[in-house]
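# Coordinate inspection notes
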Amino acid sequence: MVLSNFEANLKKYVHLIAKIGVGVKPGHIVSINSQIDQAKLTRLLVKELYALGAAEVLVNWKDDSVSRETYLHANEKRLTHIPESTVQKFQEFINEKVSRISIDSSDPAAFEGVDNERISKHLAASNAASADYSAAIQANKMNWTVVAAASYGWATKVFPHLSTKEEQLDALWDQIFKTTRIYEEDPIKAWQDHDKKLCKQTKKLNDAQFDALHYTAPGTDLVIGLPKNHYWEGASSMNSKGEVFIANMPTEEVFTAPDTNRVDGYVSSTKPLSYAGVVISGMKFTFKNGKAIEFSAKQGEEVIQKLLATDEGASHLGEVALVPDLSPISRSGLTFFNTLFDENASNHLAFGQAYATSIVGGEKLSQDELKKRGLNRSTIHVDFMVGSENMDIDGISSDGSRTPIFRNGDWT
Ligand code: ZN
Ligand code: ZN
């Protein structure tokens, strides 16, 4: 590590994640999902959370190389066996309102070459086991945040032109610090200002209450219906007690949910996507009445096929997010092969579960009621990037009138 002031910046980063990322308050229980190669960051984070009053911090260690061995060699039946204790653990997490910090550092191609059928089976089983907890998180019943940490495997993918592994790792940390505003004099204040800026955009969109959005770009001509009383969110979120947290760091997006049955036309991806340890690129989807009825991909098509077949909601959209093409992440000109970064450099959509908070009062509704109101339900939520400097978006009001929202990839 030769990045200057790395130790000091890592401490600032940890403080930011604890204080306003997960927004820990005295008495909160916090769980951290982390890879074992992020032990240093994770240990600092545990200390910081306790210093800020956490009642307990739980760490769930993961290791991609162990997962890879499991996917390659575990007995077929064991792959889909989820112990009862795991299901119970997630139930306890709901009862005790356990906040969640996910530290994302995986090699985007960690499971390249593994039989995707086996990965899909395992993911479907484990997603089903944690489905209630995921739904509670997505309804902001507890605080949660997704943050990044640099690993050698990931850094090599983003900076293949740099000659040493150390340089690659430094370059990725540098981007993480830059995009999470750690180099600012007061990162907390910088985030509060950023939040205000995004809130201005969400206010305009919430007031407009468009009936639909019309996307046009090379390879894209798509109309996305929006549910009645849909709610645009940006940067900060609020739990049921009114406590504030920031679900993604970095974040540049404002988002809401589409009407699960009113998406028609076609859309092309503009950045690769890493899902289940495989890189997928060159995707094109055709929608009819909300369902993706046709799709193709230059790379990873079979992964998409299995993903969309996970459950009924998996082939419908659950998120529509707007990000200007000139966001700070996009200006870096890099492809991160990591959704947390790439989705914040580009307009994006997601297959699967919609956030309950995407309609006014949605956090109080049952899964069935949310579905009736047009919010897609699924055990998956996978974002893909569609924005570019060539993208125009119009808002269509219920009287049919059109308002330009995006021109050439940027807010009008
Ligand atoms: Zn998003
Ligand atoms: Zn998303």
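Residues numbered from 1 in each chain as written. Chains lettered and ligands numbered in written order. Predicted model: local features only at pLDDT ≥ 70, side-chain atom pairs only at ≥ 80, totals over all residues. Heavy atoms only, no water.

With that out of the way, let us pick up the coordination of the zinc ion (ligand 2). On the protein side, the zinc ion (ligand 2) has E319 (OE), H381 (NE2), D383 (OD) and D383 (OD) as donor atoms, found 2.0 to 2.6 Å from it. Read N to C, the donor residues that coordinate the zinc ion (ligand 2) are spaced as E-x61-H-x1-D. The distance between the zinc ion (ligand 2) and the zinc ion (ligand 1) is 3.5 Å, with E319 acting as a donor to both metals. Here H381 lies in strand 18 (residues 381–385) and E319 lies in strand 16 (residues 317–322), a separation of 62 residues in the sequence. (Donors = N, O, S within 2.8 Å, 3.2 Å for Na, K, Ca; no water. Helix = DSSP H or I, 4+ residues; strand = E, 2+ residues; numbered from the N terminus.)

Here the focus is the sheet that holds strand 16. If you walk across this open sheet you meet the five strands as 7-10-16-17-18, and the pairing is antiparallel. Each end of this open sheet is capped by a strand with a single partner; those strands are strand 7 (233–234) and strand 18. As paired strands, strand 17 (residues 348–352) and strand 18 are joined by five bridges and run antiparallel to one another. In the sheet register, H348 faces strand 18, and the bridge partner there is M385. (Pairing = 2+ DSSP bridges.)

Another point: helix 11 (residues 301–308). By the burial criterion, the buried members of helix 11 are V303, I304, L307 and L308. End-on, the buried residues of helix 11 take up no more than an arc of 125°, which puts them together on one face. (Buried < 20%, exposed > 50% of the residue type's maximum accessible area, 1.4 Å probe, protein only. Arc of directions from axis to C-beta.)

It is at 10 Å that the axes of helix 1 (residues 6–21) and helix 10 (residues 187–208) come closest, and there the two elements cross at 45°. One way to sum up the angle between helix 1 and helix 10 is to call them oblique. As for how helix 1 packs across helix 10, the hand of that crossing is right-handed. Here K12, H15, L16, K19 and I20 of helix 1 lie close against helix 10, whose contacting residues are P187, I188 and W191. Of the residues contributing to the contact of helix 1 with helix 10, the split by class is five nonpolar, one polar and two charged. (Axes fitted to C-alpha atoms, helices over the stretch in contact; angles between N-to-C directions. Parallel < 35°, antiparallel > 145°, perpendicular 65-115°, else oblique. Left-handed = near helix turned anticlockwise from the far one by under 90°. Contact = heavy atoms within 4.5 Å. Nonpolar A, V, L, I, M, F, W, Y, C, P; charged D, E, K, R; others polar.)

The contact between helix 3 (residues 64–73) and helix 6 (residues 116–129) brings their axes to 9 Å, and the two run at 110°. Here helix 3 lies roughly perpendicular to helix 6, going by the angle between them. For the element pair helix 3 and helix 6, the recorded crossing hand is right-handed. Only R118, I119, H122 and L123 of helix 6 make contact with helix 3, whose side of the interface consists of T70, Y71, L72 and H73. In terms of residue class, the contact of helix 3 with helix 6 is built from four nonpolar, three polar and one charged.

None of this, on its own, says anything about what the molecule does.
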